[in-house]
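Per-entry structural report
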Amino acid sequence: QVQLVESGGGLVQAGDSLRLSCTASGRALSSDAVGWFRQAPGKERDFVASISWSRNTTLHADTVKGRFSVSRDNVKNTVYLQMNSLKPEDTAVYLCAVRKGTYYPARDFQSYDYWGQGTQVTVSS
């Protein structure tokens, strides 16, 4: 059984930084693309970033480009989301997801097979 666990969320002030982690058990992520999404109350799930299994290809949403960066450590079976210059509009539950057996990252959440439960990020102004 595949389990994804996100961590690193919290309450911060605008301009602060956080690093989220997504650690998998029950499956080695080394052959999977992994993505980060976020969902605020009453809103749709939005794409944030995604990374190929080889780390050579990354995608970032325009809203976070230049502020957020996705990376991974296949030895630790963990994917990270470094978030800098946080804004109140970044407040959401952040979820990681896996596209099993796929090299390419993707922006659409329907492309993903496994999901974590999410970690809350709250940015105060």
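Now for a quick tour of the structure. The structure displayed is predicted, hence computed values, not measured ones.

1. Overview of the packing of aromatic side chains
Summed over the entire model, instances satisfying the criterion amount to 6 aromatic pairs. Ring geometry for Phe 37 against Trp 115: centres 5.1 Å apart, planes inclined by 55°, an arrangement best described as tilted. Taken together, the residues span a long stretch of sequence, with Phe 37 in strand E4 (residues 33-39) and Trp 115 in strand E10 (residues 114-115) at a distance of 78 residues. Judged by relative accessible area, which is 1%, Phe 37 ranks as buried. Measuring from centroid to centroid gives 5.5 Å for Trp 53 and Tyr 103, while their planes differ by 90°, and the two rings are edge-to-face. Pair noted here: Trp 53 is in the loop between strand E5 (46-51) and strand E6 (58-60) and Tyr 103 is in the loop between strand E9 (92-99) and E10, with a separation of 50 residues, a long-range link.

2. Some points on the layout of surface pockets
The rolling of a water-molecule-sized probe over the atoms marks out the regions of remaining empty space. Considering only enclosed or pocket space, the largest pocket measures out at about 160 Å³ in volume. In terms of lining residues, the largest pocket is bounded by Arg 38, Gln 39, Ala 40, Lys 43, Glu 44, Asp 46, Thr 63, Arg 67, Glu 89, Asp 90, Thr 91 and Ala 92.

3. Examining the sheet that holds strand E1 (residues 3-7)
One open sheet holds the 4 strands; their spatial order is E1-E3-E8-E7, and the pairing between them is antiparallel. Across the chains shown, the open sheet's two edge strands, defined by having one partner strand only, are E1 and strand E7 (68-73). Mean inter-strand twist for the sheet, computed between neighbouring axes without regard to direction, equals 15°. Relative to strand E3 (residues 18-25), E1 runs antiparallel, the two sharing 5 bridges. Looking at E3, one finds that Val 5 is bridged to Thr 23.

Thresholds applied
Residues numbered from 1 in each chain as written. Predicted model: local features only at pLDDT ≥ 70, side-chain atom pairs only at ≥ 80, totals over all residues. Heavy atoms only, no water. Phe/Tyr/Trp six-rings, centres within 6.5 Å; stacked < 30°, edge-to-face > 60°. Helix = DSSP H or I, 4+ residues; strand = E, 2+ residues; numbered from the N terminus. Buried < 20%, exposed > 50% of the residue type's maximum accessible area, 1.4 Å probe, protein only. 1 Å grid on protein atoms, 1.4 Å probe; cavity = no way out; pocket = protein on both sides within 12 Å on 5 of 7 lines; lining within 4 Å. Points joined across faces, edges and corners; volume = space filled by probe spheres on them. Pairing = 2+ DSSP bridges. Axes fitted to C-alpha atoms, helices over the stretch in contact; angles between N-to-C directions.

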